[in-house]
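# Summary of structural features
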Number of protein chains: 2
Amino acid sequence: MTKSIKRSYIREILDATNKETISFAGGLPDENLFPMEKLKNASLKVLDDSSSMQYSKSQGIEDLREKIAKLYTKYFDFPTTKDEILITTGSQQAFDIISKTFLEKEVIVQTPTYIGALSAFKVLDLKVKDFKYIGSLNYQLKKDNGLYVMSDFANPNAKSLEKEERKEIAHILNKKGSFLIEDAAYSLLDFDGKIKKPISAYYQKSFHLGSFSKIVAPGLRVGWIRCDKKFIEKILVSKEALDLHTPTLNQMILNQFLEDNDLFEHLKKIRMDYKEKMEFMASCFKKYIPSFQFEKPNGGMFIYGKFQEDSFLLAKEVLKKNIAFVPAQVFFADSKKSKEARFNFTNSSKKQIEKGIKEISNMIITKNESIWFKMFKERLS
Amino acid sequence: MTKSIKRSYIREILDATNKETISFAGGLPDENLFPMEKLKNASLKVLDDSSSMQYSKSQGIEDLREKIAKLYTKYFDFPTTKDEILITTGSQQAFDIISKTFLEKEVIVQTPTYIGALSAFKVLDLKVKDFKYIGSLNYQLKKDNGLYVMSDFANPNAKSLEKEERKEIAHILNKKGSFLIEDAAYSLLDFDGKIKKPISAYYQKSFHLGSFSKIVAPGLRVGWIRCDKKFIEKILVSKEALDLHTPTLNQMILNQFLEDNDLFEHLKKIRMDYKEKMEFMASCFKKYIPSFQFEKPNGGMFIYGKFQEDSFLLAKEVLKKNIAFVPAQVFFADSKKSKEARFNFTNSSKKQIEKGIKEISNMIITKNESIWFKMFKERLS
């Protein structure tokens with residue numbers, strides 16, 4: 001079925017990197033911020049109980065679902081019960097099991113959009129089309145297709161939808177009846193700690209995807225789907241067929257961690273650190289590559305901007321110097337050429353950030369000089 | 001896509017059970033045999049390194065792949081390198097990613113066969129057909145379809161293929177060129193510790209699936225695929241789209257556990273315990289339900305046999321008394337009626353085994369008496 005699909009370019013970059021690489025390419029959170037001692041304590045408690053190593057129910061552990069439901073009710077202005085939560089193996093898994101269960105042919109996505117979602121849809125032979133303006137959804141959405149959006153600090157361009165835009169999308173959805181997949185991977189990473197009400201809270205045929213990867217640790221691979229109870233029963237068929245259930249141990253560790261610690265205290269640390277790194281990277285761009293156009297994000301993990309050069313060629317060149325970033329081409333459903341690029345600022349030290357951007361700057365200058373030299377020679381001849 | 005598929009009956013039973021249920025239904029290993037102290041020690045070591053909580057490569061952690069490769073070379077008479085191993089989130093995941101990548105329409109399975117594989121194939125809209133005799137594979141196999149077999153202590157009927165049968169299947173495969181999916185979930189659970197050479201060792205277009213669920217602990221959800229290097233690159237597309245990678249923490253815990261302990265010492269304990277439980281369950285059947293026909297297995301986790309009654313109705317009746325087992329109907333690709341049933345002996349105490357089988361016996365006697373009484377009344381009238 002998927003014979004013709006190429007491996008994700010980002011994963012290829014990740015596979016090509018080594019310990020020496022300065023990587024702005026991945027979406028890796030800062031390892032230094034993982035609450036290792038707290039996770040160790042949680043693990044120790046959990047490992048006293050052999051049921052942490054046993055099979056468990058497909059929907060996920062009740063206590064953890066309860067805690068996630070409370071997050072919605074308390075912080076997202078979105079009343080939720082544990083029966084409306086299904087635990088997934090990373091929020092990535094949600095794309096597969098929702099699509100398999102409900103989507104027949106087509107999904108409409110933002111442009112640019114998260115490459116992992118694109119892959120998941122394409123592996124299932126779904127047609128992926130993008131939309132540029134909310135108004136065009138009036139023509140693109142149908143009862144049997146899906147809409148995929150990231151409402152907060154979207155990967156890759158770090159943009160968020162305003163309240164009015166959310167309501168407008170919900171309004172169109174309510175008219176058309178499509179399935180909404182709303183990805184909230186970065187929703188708790190606003191630098192100022194604000195949390196916005198999701199589109200899903202205004203629309204019943206919706207799946208709101210959450211993840212512990214960016215707020216606790218990705219190595220646990222635990223995410224969730226928040227949706228109407230009646231949809232959960234259907235998705236469970238696909239979930240069970242995939243991995244029976246998400247690892248019991250990982251769910252129990254997270255449950256214990258949340259039991260013993262204040263998640264929002266931890267989030268505060270992450271947000272402060274990420275804001276500082278973002279500001280630093282922004283200042284490096286202004287200093288070394290002033291031609292790189294971008295807006296500073298209010299949250300998330302990426303700076304997204306536009307070079308004056310073809311970003312795909314530039315990325316290829318700098319990878320030879322062991323510096324990695326992602327050219328925007330891969331984020332478009334139709335892979336169109338682009339000068340835009342995504343830079344992750346959470347997984348490098350300030351020293352690495354400065355060194356990396358300086359090197360890219362040198363590369364651009366050298367290239368431009370050689371182009372200038374070539375043009376000069378051509379004129380002479 | 002999967003709208004019409006019902007949830008797995010076994011998972012439904014598992015969801016219906018509570019702490020009071022005597023369950024012979026699941027395929028749960030004995031929790032008391034999980035090496036909890038050793039896993040705790042491994043976890044502690046691993047949690048000193050924050051990379052255990054970070055994203056990692058899609059194919060899996062190199063050290064763990066290396067160790068699994070050595071298992072093949074040393075014990076399965078099947079020379080293997082780490083490049084031929086792909087780590088999966090439970091061996092269940094392997095069905096999905098192999099099928100998505102290579103199978104277009106159809107898969108041929110043993111009868112009866114593992115219900116989890118059936119679900120995975122059906123969720124992907126594959127046609128599932130069974131074969132009863134090896135010879136019929138000559139007609140059923142084609143270049144573009146797949147063959148799914150469990151060569152050792154198959155779930156549900158605990159049967160193994162003899163060496164000659166393996167060679168015969170490999171011979172047909174070599175003529176036809178189908179994809180072979182060989183499931184080795186129970187291959188290391190021979191009561192006498194024997195390990196047989198898999199069919200995959202005689203056939204290149206093969207995927208040999210392994211799992212730590214039955215030999216260490218299922219709550220970690222770590223399995224693997226052993227196949228030709230050139231297939232791995234293709235499967236990675238589907239694997240990445242599904243969950244990016246198998247949880248880093250879980251892979252590292254297993255790697256550390258295998259580093260510090262002798263897996264085969266641990267397996268010895270499991271095998272001795274399971275043999276004893278099996279013998280005990282067999283003696284209970286002989287004592288309380290002598291009409292139940294079965295052969296004692298040489299390994300694995302199940303006794304499979306035949307009642308004189310419809311096993312589906314019987315299972316439904318005894319579930320009301322809080323006793324669970326699985327009627328064979330669910331193990332057939334076409335769900336045909338059956339008197340056969342599967343009993344798991346690894347997840348109950350001897351006391352529970354005796355009590356459970358006695359209750360089933362009482363149920364049968366009461367039912368037969370009421371049928372006899374009904375017949376008697378009918379004759380009188």
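On a predicted model such as this, the values are computed, not experimentally measured, just so you know.

A word on the overall build of chain A. A count of helices and strands for chain A gives twelve helices and 13 strands. Whereas a compact globule of 381 residues would reach a radius of gyration of roughly 21 Å, chain A reaches 22 Å, a difference of no more than 12%. In terms of overall dimensions, chain A has a C-alpha envelope of 75 × 50 × 40 Å along the principal axes. Out of the 381 residues belonging to chain A, those deemed buried represent 54%. Long-range contacts, defined as pairs at least 24 residues apart, comprise 75% of the intrachain contacts of chain A with a sequence gap of at least 6.

Attention now moves to helix α10 (residues 263–288) of chain A. For α10(A), spanning 26 residues, the distance from its first C-alpha to its last is 37 Å, which sits close to the expected 38 Å at 1.5 Å a residue. Along α10(A), the residues classified as buried are A:Ile270, A:Tyr274, A:Lys277, A:Met278, A:Met281, A:Cys284 and A:Phe285.

A few words on the environment of A:Glu31. Note on placement: A:Glu31 falls in the loop between β1 (22–23) and α2 (36–46). For the pair A:Glu31 and A:Asn347, spaced 316 residues apart in the sequence, the C-alpha separation amounts to 7.3 Å. Beyond its immediate chain neighbours, meaning those up to four positions away, A:Glu31 contacts B:Ser50, B:Ser51 and B:Gln54.

Moving on: the environment of B:Tyr139. Within the element layout of this structure, B:Tyr139 appears in helix α6 (residues 137–140). Accessibility expressed as a C-beta count within 10 Å gives 10 for B:Tyr139, which makes it exposed.

Reports often express the size of an interface as the amount of accessible area lost when the parts come together. The interface is formed by 54 residues belonging to chain A together with 54 residues belonging to chain B. For the side of chain A that touches chain B, the elements supplying multiple residues, two or more each, are α1 (9–16), α2, α4 (92–102), α5 (115–123), α8 (229–243) and α9 (248–260) of chain A. With seven residues, α8(A) is the single largest residue contributor to the side of chain A that touches chain B. A breakdown of the residues in the side of chain A that touches chain B according to their chemical character gives 21 nonpolar, 21 polar and twelve charged.

Right, let's talk about the relation of the copies chain A and chain B for a bit. Superposing chain A onto chain B takes a rotation of 180° combined with a translation of 0.0 Å along the rotation axis, leaving an RMSD of 0.0 Å. Within this description, the copies of the chain are treated as partners about a two-fold rotation axis. A high fraction, 100%, of the interface residues of chain A reappear at the interface in chain B, so the copies pair face to face through one surface.

Moving on to the domain arrangement of chain A. All names here are of chain A. One can read the domain layout of chain A as domain 1 (9–27 + 264–380) and domain 2 (36–261). Here the C-alpha centre of domain 2 lies 28 Å away from the C-alpha centre of domain 1. Residue-level contacts link 21 residues of domain 1 with 23 residues of domain 2. Elements represented by at least two residues in the side of domain 1 that touches domain 2 include exactly α10 and β10 (302–306). Tallying contributions element by element places α10 first for the side of domain 1 that touches domain 2, with five residues. Per-class residue counts for the side of domain 1 that touches domain 2 are 13 nonpolar, five polar and three charged.

This part is about the sheet that holds strand β12 (residues 326–327) of chain A. Strand pairs in the sheet, formed through backbone hydrogen bonds, run parallel or antiparallel to each other. Residues and elements named next belong to chain A. Strand order across the open sheet formed by four strands is β9-β10-β13-β12, with antiparallel pairing between neighbours. The open sheet has two edge strands, β9 (293–294) and β12, and neither has a second partner. For β12 and strand β13 (residues 340–344), the ladder comprises two bridges, and the chain directions are antiparallel. In the strand pairing of β13, Val-326 is matched with Arg-342.

Reading the values: rules and limits
- Residues numbered from 1 in each chain as written.
- Chains lettered and ligands numbered in written order.
- Predicted model: local features only at pLDDT ≥ 70, side-chain atom pairs only at ≥ 80, totals over all residues.
- Helix = DSSP H or I, 4+ residues; strand = E, 2+ residues; numbered from the N terminus.
- Rg over C-alpha atoms; globule rule 2.2 N^0.38 Å.
- Buried ≥ 20, exposed ≤ 12 C-beta atoms within 10 Å, placed from the backbone.
- Contact = placed C-beta atoms within 7 Å.
- Expected span 1.5 Å × (residues − 1).
- Nonpolar A, V, L, I, M, F, W, Y, C, P; charged D, E, K, R; others polar.
- Least-squares fit on C-alpha atoms with pLDDT ≥ 70 in both.
- Domains from an automatic or database assignment.
- Pairing = 2+ DSSP bridges.

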